[in-house]
Amino acid sequence: MVVDAPFPLTLKRRKLTSIDSMEAETAKAKFAAIQGKLGREIRVFETSALSPSSNEVSNSEETDDFYEFTAEDYYRILATKKQDKYLKTRKLREAEEATRRSRITKAVIRIRFPDNHTLEVTFHPSETIQSLIDLLVKVVARPELPFYIYTTPPKKQIKDMAQDFFSAGFVPGAIVYFSYDLPRGDGDDTTGANSGPFLQEEIMSLKGLELIIEQGQQAEPAQSVPEPVTAAPSPVVQERKPAEKKPVKPKWLKM
């Protein structure tokens, strides 16, 4: 019986289906097209409706202990008064602020809509809030309707559009909220606008694309890793050394 010699290497491969590859490439192309169209890094995701909204103000009353003046409060106020003696000059404060500005290169703004969707956009800190308004006009479902943005808590409408993100305190990031500025009881138009959707269909299509791209990258075919097969050790051949001849004493030699 003839036995074939074992194959010297065993290869293992993880295959990537063509569907996963095509989906990932399509998602990348779509992301790049929309971001190129808007000139911004953007992403869309949905927040949980069960999470407590920051718009809600707690109605629970604080206990009397909450308002009690403690020793810790006293020492904190005392420390603040000591710091007032060493106030920095205006020139020094401006220099420190300029240094902080130069270190921060991005302002990531998240705009939350009433339907629990969030639009995340990246700006430069020196850009004004008006640039955010201009972008919202391009992406909201009904740009013809008046709207405003605000922060909370407490609810405060943002009105100074000439202010840059750094001066507004929106660096390195901030969350603002979107609302249509429509009078109450204005018929079907108000009801339809407030029920959503708030973002255009093209922008909403970005939701979930990041996950597809990430899964596509993780499923890339791994390089073939050869697994060496342990071969039977070859027999060790010992070399035979010639036997050494002992000198023979001649019979005629007498000591």
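Residues numbered from 1 in each chain as written. Predicted model: local features only at pLDDT ≥ 70, side-chain atom pairs only at ≥ 80, totals over all residues. Heavy atoms only, no water.

Peer 1: So what's going on with unusual backbone geometry? Which residues, and what values?
Peer 2: Note the cis peptide between T152 and P153, where omega equals -10°. With respect to the helices and strands, P153 occurs in the loop between β5 (147-151) and β6 (156-157). Here the amide bond leading from V171 into P172 is cis, since omega sits at 0°, within 30 degrees of zero. Along the polypeptide, P172 turns up in the loop between β6 and β7 (173-180). In this model, N116 sits at a positive phi of 70°, which is unusual for a non-glycine residue. (Helix = DSSP H or I, 4+ residues; strand = E, 2+ residues; numbered from the N terminus.)

Peer 1: With reference to specific residues and values, describe the side chain of S179.
Peer 2: Within the fold, S179 resides in strand β7. When residues no more than four places from it in sequence are discounted, the contact partners of S179 are F147, Y148 and Y150. (Contact = heavy atoms within 4.5 Å.)

Peer 1: Explain the packing of aromatic side chains residue by residue, including any values.
Peer 2: Scanning the entire structure with this criterion turns up 9 aromatic pairs. Grouped by ring-pair contacts, the aromatic residues F113, F147, F178, Y180 and F198 constitute a single cluster. Over the face of the ring belonging to Y150 we find K155, whose NZ or CZ atom lies 4.5 Å from the ring centre. (Phe/Tyr/Trp six-rings, centres within 6.5 Å; stacked < 30°, edge-to-face > 60°. Lys NZ or Arg CZ within 6 Å of the ring centre and 35° of its normal.)

Peer 1: So what's going on with the layout of surface pockets? Which residues, and what values?
Peer 2: Of the voids in this model, the second largest pocket is the one considered here, and its volume is about 200 Å³. Lining the second largest pocket are 10 residues, and of these P114, K155, S179, Y180 and N194 lie nearest its centre. Looking at which element gives the most residues to the lining of the second largest pocket, the answer is β7, with 3 residues. A per-class count over the lining of the second largest pocket returns 5 nonpolar, 3 polar and 2 charged. (1 Å grid on protein atoms, 1.4 Å probe; cavity = no way out; pocket = protein on both sides within 12 Å on 5 of 7 lines; lining within 4 Å. Points joined across faces, edges and corners; volume = space filled by probe spheres on them. Nonpolar A, V, L, I, M, F, W, Y, C, P; charged D, E, K, R; others polar.)

Peer 1: Explain the pairing of strand β3 (residues 107-112) residue by residue, including any values.
Peer 2: Alternating residues of β3 divide into A107, I109 and I111, all buried, and V108, R110 and R112, none buried. In the sheet, β3 pairs with strand β4 (residues 117-123) via 6 bridges, with the strands oriented antiparallel. Bridge pairing links V108 to T122 in β4. Two successive antiparallel strands, β3 and β4, enclose a turn made up of 4 residues, where N116 displays a positive phi of approximately 70°. For β3 and β7, the ladder comprises 5 bridges, and the chain directions are parallel. By the bridge assignment for β7, V108 is matched with G173. (Buried < 20%, exposed > 50% of the residue type's maximum accessible area, 1.4 Å probe, protein only. Pairing = 2+ DSSP bridges.)

Peer 1: Can you lay out the environment of A27 for me, pointing to particular residues and giving the numbers?
Peer 2: Relative to the helices and strands, A27 is located in helix α1 (residues 18-38). What makes A27 buried here is its relative accessible area of 3%. When sequence neighbours within four positions are dropped, the list of residues in contact with A27 reads L209, I212 and I213.

Peer 1: Break down the side chain of S131 for me, with residues and values.
Peer 2: Considering the arrangement of structural elements, one finds S131 in helix α4 (residues 129-139). Residue classification places S131 among the buried positions, given a relative accessible area of 14%. Setting aside its immediate chain neighbours within four residues, S131 contacts R40, F123 and F165.

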